[in-house]
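What follows is the residue order along each chain.
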Amino acid sequence: MPLPPRDSELIQIMDTELARTTHISGSWLACRPGCTQCCHGAFAINALDAARLSSGMESLRQSNPTLAARIEARAQSWLAEHSPNFPGNLATGTLGKSESEQEAFEDFANDAPCPALDPATGLCDVYEYRPMTCRVFGPPVRVEPEDPTNTALACCELCFIGASEETIAACELHPPHAFESEILTELDSNIETVVAFALIAPR
């Protein structure tokens, strides 16, 4: 699936917002290179995230084939270990949408390191192309962004330790959800998958 041209605009908006929140948060935000707690456990990514990762891997195969091969090898190893319990279609990598499959996904590969994570450096090898979930994790974000009346915020458990509710609220991150939804509508795909499938070469 080709990456929509407007994705670059989405990422620019998101990166600008993250920079703003990081500046405001200061030392309350514990996120640093090498901190990998949020890089463990499988999570669902949408079609736009998958297209971005796939496009990024294509770029890496051209610019740094050695690195691309290492990432693909980790992804293949990840799939070999966890695919027997994958709650979806193994041929396409698409997560299932039935109630039983969604329940099974809650316990799927919960402690597994992301295949994009370099175990030697603790850094993400596809950081530039990472999913939106990775981009928003850490700072305070709304628990239910689709409900404007719900002001509950959540952040990484390593961040904002001892901060007041007022301080946390002042550092809220505002992801461009509406713009992302627009681009997803253009893609005309409601599939979800996991990072490992998006990283491997097209089959």
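What counts, and at which threshold
Residue indices begin from 1 for each chain and proceed along its sequence in written order. Owing to the predicted nature of the model, reporting of local features is limited to residues with pLDDT of at least 70; listing and counting of side-chain atom pairs is limited to 80 or more, with chain, interface and lining totals taken over all residues. For the side-chain quantities, the full set of heavy atoms in the structure was used; hydrogens and water were omitted. Numbering goes from the N terminus for both helices and strands, where a helix is a DSSP run of H or I of at least four residues and a strand is a run of E of at least two. When a residue's accessible area, from a 1.4 Å probe over protein chains only, is under 20% of the maximum for its type it is buried; when over 50% it is exposed; and in between it is partly exposed. Two residues form a contact once any of their heavy atoms are found within 4.5 Å. Throughout, the arc means the angular range of directions from the helix axis out to the C-beta atoms. Two aromatic rings, drawn from Phe, Tyr or Trp (for Trp, its six-membered ring), form a pair once their centres lie within 6.5 Å of each other, and the interplanar angle then sorts them: stacked below 30 degrees, edge-to-face above 60, tilted otherwise. Should the NZ of a Lys or the CZ of an Arg lie within 6 Å of a ring centre and within 35 degrees of the ring normal, that charge is described as sitting over the ring.

**Q** So what's going on with the environment of L117? Residues and values would help.
**A** Looking at where L117 falls in the secondary structure, it is placed in strand β4 (residues 117-118). Look at L117 and you get buried, because its relative accessible area is 10%. Along the primary structure L117 and E9 are separated by 108 residues, whereas in three dimensions their C-alpha atoms are 25 Å apart. In this structure, L117 is in contact with T36, C39, H40, R74, G122 and L123, ignoring residues within four places of it in sequence.

**Q** So what's going on with helix α7 (residues 177-187)? Which residues, and what values?
**A** Among all positions of α7, only F179, E180, I183, L184 and L187 are buried. Projected onto a plane normal to the axis of α7, the buried residues spread over an arc of 140° and lie on a single side. The exposed residues of α7 that point more than 90 degrees off its buried face are A178 and T185. For α7, the elements touching its buried residues are α1 (7-25), β1 (45-46), α2 (47-63) and α5 (132-136). D188 occupies a position one or two residues after α7 and carries a positive phi of about 55°.

**Q** Mind laying out the packing of aromatic side chains, listing which residues take part and the relevant values?
**A** Under the definition given, this model contains five aromatic pairs. On the numbers, 6.4 Å between centres and 5° between planes, the contact of W28 with F160 is stacked. A residue pair is termed long-range when its members are at least 10 positions apart, and W28 in the loop between α1 and β1 and F160 in the loop between β7 (153-154) and α6 (165-170) qualify at 132 residues. Under the relative-accessibility criterion, W28 is labelled partly exposed at 32%. On the basis of relative accessible area, F160 is assigned to the buried category, the value being 4%. Ring centres of F86 and F197 lie 5.1 Å apart, and the angle between their planes is 55°; this geometry places the pair in the tilted category. Taken together, the residues span a long stretch of sequence, with F86 in the loop between α3 (65-82) and β2 (88-89) and F197 in helix α8 (residues 195-199) at a distance of 111 residues. Each member of the pair, F86 as well as F197, is classed as buried. Above the plane of the ring of Y127 lies R130, whose end atom (NZ or CZ) is 3.7 Å from the centre.

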